[in-house]
Amino acid sequence: MIAQADFFEVLYPRREIGVSHYPMPSLPVADKSLKSLDFLNQRPKPNNGMLLYLHIPFCETFCSFCPYNKIKIDLAKVKKYLLSLTKELTWYSQTQYVAQSTIDAVYFGGGTPSLLTSNELRDLLQTIKAHFRLSAALEITVEGNASSFNEEKLTMLKNEGVNRISLGIQTFNDRIGIPLNLPHSSAQAIEIIQKIKKLHFPNLSIDLMYNLPGQSMDAWKKDIEQAVFLNIDHITLFHLVVVPTTALFRKVQNRELFVQDLHNELMMFHEGARNLILNGYQQQSTYDFGLPGKFHIYAVKHFVEKYDLLGLGMGSFGEINRKTYINSGNFAEYVDSVENNQLPIHLQNEVVADEDIHAQFSMGLRFLEVDFSGFKEEASRRFFKVFQRLLKKDLIVISNEKIALTQKGKLWGNNICKEFYSDEYKLSIPGWQRMEELAKK
Ligand SMILES: C[S@@+](CC[C@H](N)C(=O)[O-])C[C@H]1O[C@@H](n2cnc3c(N)ncnc32)[C@H](O)[C@@H]1O
Ligand code: SF4
């Protein structure tokens with residue numbers, strides 16, 4: 001039995017955000033002509049599965065904490081963007097590698113995909129169906145918020161095969177949500193959740209945030225209770241990260257809003273997780289909790305199975321046939337490139353074999369354990385010191401086949417994932433050394 005004080009011991013200067021991709025591309029792109037897609041003119045391995053991500057960058061208003069790649073919705077821009085997105089999709093779909101792979105999961109992320117009209121969303125879905133080979137068990141997620149979904153849009157999505165809705169709720173408490181400029185009220189959130197439930201989507205996921213300004217432990221527990229009461233299938237718990245580019249950062253600096261400390265953040269995560277588990281949810285990743293059988297298939301295949309990922313749209317990341325890339329995150333740059341028949345890629349890299357084992361751990365541990373039975377000797381040799389350090393702090397357990405996060409390790413899961421970065425990769429991250437020095441102080 002671990003004493004409470006030990007369990008909530010502050011082991012790192014902050015709780016990291018999750019590793020979303022590994023390795024990230026870092027080299028500028030010399031050739032953006034469509035010819036450079038030639039690396040996809042080859043046969044994939046048999047039964048190759050792929051994921052498809054489409055970025056829809058539009059928001060009606062901006063939540064003060066949000067650092068994501070987004071722009072204010074503007075009808076002329078939407079029209080231009082969707083033309084470019086469709087054109088980019090077509091280029092990739094015509095390569096042999098993509099044409100002979102099967103898409104297992106599609107994710108419309110944002111920004112706010114639910115802001116598109118029914119017709120726009122239907123067109124995109126039909127374009128996908130016309131251009132790709134799709135798995136019979138295809139998962140299609142559409143992300144959005146409570147103020148821009150409506151019954152008509154949801155019914156269309158259901159009819160077109162969308163089987164997962166992901167709502168950015170953040171909190172059911174208006175006293176906390178209004179100062180953060182959330183686009184919906186608590187009443188709107190509950191109403192749209194009830195509509196989605198009535199339409200019997202197989203999977204409804206919501207995002208909740210904790211350690212928000214003014215959010216007491218009691219208020220947080222009420223948010224969790226509300227989610228449980230509404231019988232949400234899948235819940236993602238995000239700790240607030242105050243990012244320097246955001247309006248929230250300025251408000252905190254001007255002392256208009258106050259953030260709470262790391263110890264409080266640890267306690268809130270622990271309480272949230274404990275209450276969900278008591279109510280039948282299972283912790284699936286450092287962020288995700290689901291009722292039995294309710295997984296986010298796209299995420300499992302991305303983080304654990306390391307599927308090829310075709311990312312389309314501004315700022316999207318992809319990794320396909322051992323090449324990783326990130327598209328330009330600037331609207332005009334993205335649209336201009338595509339209109340001029342140039343790939344909108346900003347950075348890219350070949351994925352070298354030496355990074356594979358690092359990717360397996362730094363991505364895989366997000367889903368709480370990694371089966372290393374196939375490469376145990378290599379892992380033990382490469383990560384001997386990391387394993388020793390994490391074992392000593394009671395953050396992991398190691399058995400014959402796998403390494404898994406302990407209960408205490410689950411509090412620090414995203415930090416632990418980053419312990420498995422290779423030295424070469426760390427050197428390619430701008431400012432990494434400076435961050436390490438600061439962390440040691
Ligand atoms: C890419 S956003 C898109 C979701 C969707 N647009 C919405 O808000 O309804 C995905 C999620 O990231 C989380 N998020 C955004 N900014 C964050 C921050 N600064 N710290 C922690 N989580 C954040 C929110 O929970 C949000 O729902
Ligand atoms: S959290 Fe969602 S709705 Fe809010 S600004 Fe970010 S992307 Fe837009």
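Residues numbered from 1 in each chain as written. Chains lettered and ligands numbered in written order. Predicted model: local features only at pLDDT ≥ 70, side-chain atom pairs only at ≥ 80, totals over all residues.

J.: Sorry if this is basic, but what is going on with the overall build of the protein here?
T.: Looking only at helices and strands, the protein features 19 helices and 18 strands. Taking 441 residues into account, the globule formula puts the C-alpha radius of gyration at 22 Å, and the protein, at 22 Å, falls close to it. Overall, the C-alpha framework of the protein stretches about 60 × 55 × 45 Å when taken along its three principal axes. Taken across its 441 residues, the protein has 41% of its residues classed as buried. Of all intrachain contacts in the protein linking residues separated by at least 6 positions in sequence, the fraction that spans at least 24 positions is 76%. (Helix = DSSP H or I, 4+ residues; strand = E, 2+ residues; numbered from the N terminus. Rg over C-alpha atoms; globule rule 2.2 N^0.38 Å. Buried ≥ 20, exposed ≤ 12 C-beta atoms within 10 Å, placed from the backbone. Contact = placed C-beta atoms within 7 Å.)

J.: What should I look at first to understand the nonpolar core in this one?
T.: One recurring pattern in soluble globular proteins: nonpolar side chains tend to sit buried together. Formed by 105 residues in total, the largest nonpolar core has its most connected members in L51, L52, L54, L208, Y210, I235 and L310. Of all the elements, strand β2 (residues 49–56) adds the most residues to this core, at six residues. A domain-level breakdown of this core finds at least three residues from each of domain 1 (18–303) and domain 2 (352–441). The contact partners of L51, leaving out residues within four places of it in the chain, are D104, A105, Y298, K301, H302, Y307 and L309. (Core = buried A, V, L, I, M, F, W, Y, C linked by C-beta atoms within 7 Å. Domains from an automatic or database assignment.)

J.: In this structure, what is going on with the site of ligand 1? I would like to understand it.
T.: Surveying the vicinity of ligand 1 reveals 18 residues, the closest of which are N145, G168, D207, F238 and V241. Listing elements by their share of the shell around ligand 1, those giving two or more residues are β6 (133–144), β7 (164–170) and β8 (203–210). The residue makeup of the shell around ligand 1, split by class, is nine nonpolar, seven polar and two charged. (Near = placed C-beta within 6 Å. Nonpolar A, V, L, I, M, F, W, Y, C, P; charged D, E, K, R; others polar.)

J.: What's the story with the site of ligand 2 in this structure? I'm lost.
T.: Inspection of the region around ligand 2 gives C59, F62, C63, C66, Y68, K70, G110, G111, T112, N145, G168 and P183 as its neighbouring residues. Within the shell around ligand 2, the residues separate by chemical class into six nonpolar, five polar and one charged.

J.: Explain the environment of E9 to me, please; I cannot follow it from the model alone.
T.: Locating E9 in the fold gives a position in the loop between α1 (4–7) and β1 (27–28). Expressed as a C-alpha distance, the spacing of E9 and Q100, which sit 91 residues apart in the sequence, is 50 Å.

J.: For this particular structure, what's the right way to read the domain arrangement of the protein?
T.: Annotation of the protein at the domain level lists domain 1 (18–303) and domain 2 (352–441). Each partner contributes to the interface: domain 1 provides 14 residues, whereas domain 2 provides 17 residues. For the side of domain 1 that touches domain 2, the secondary structure elements donating two or more residues are α10 (262–278) and α11 (297–303). If you tally residues by element for the side of domain 1 that touches domain 2, the top one is α10, at three residues. For the side of domain 1 that touches domain 2, the residue count by class is seven nonpolar, seven polar and no charged.

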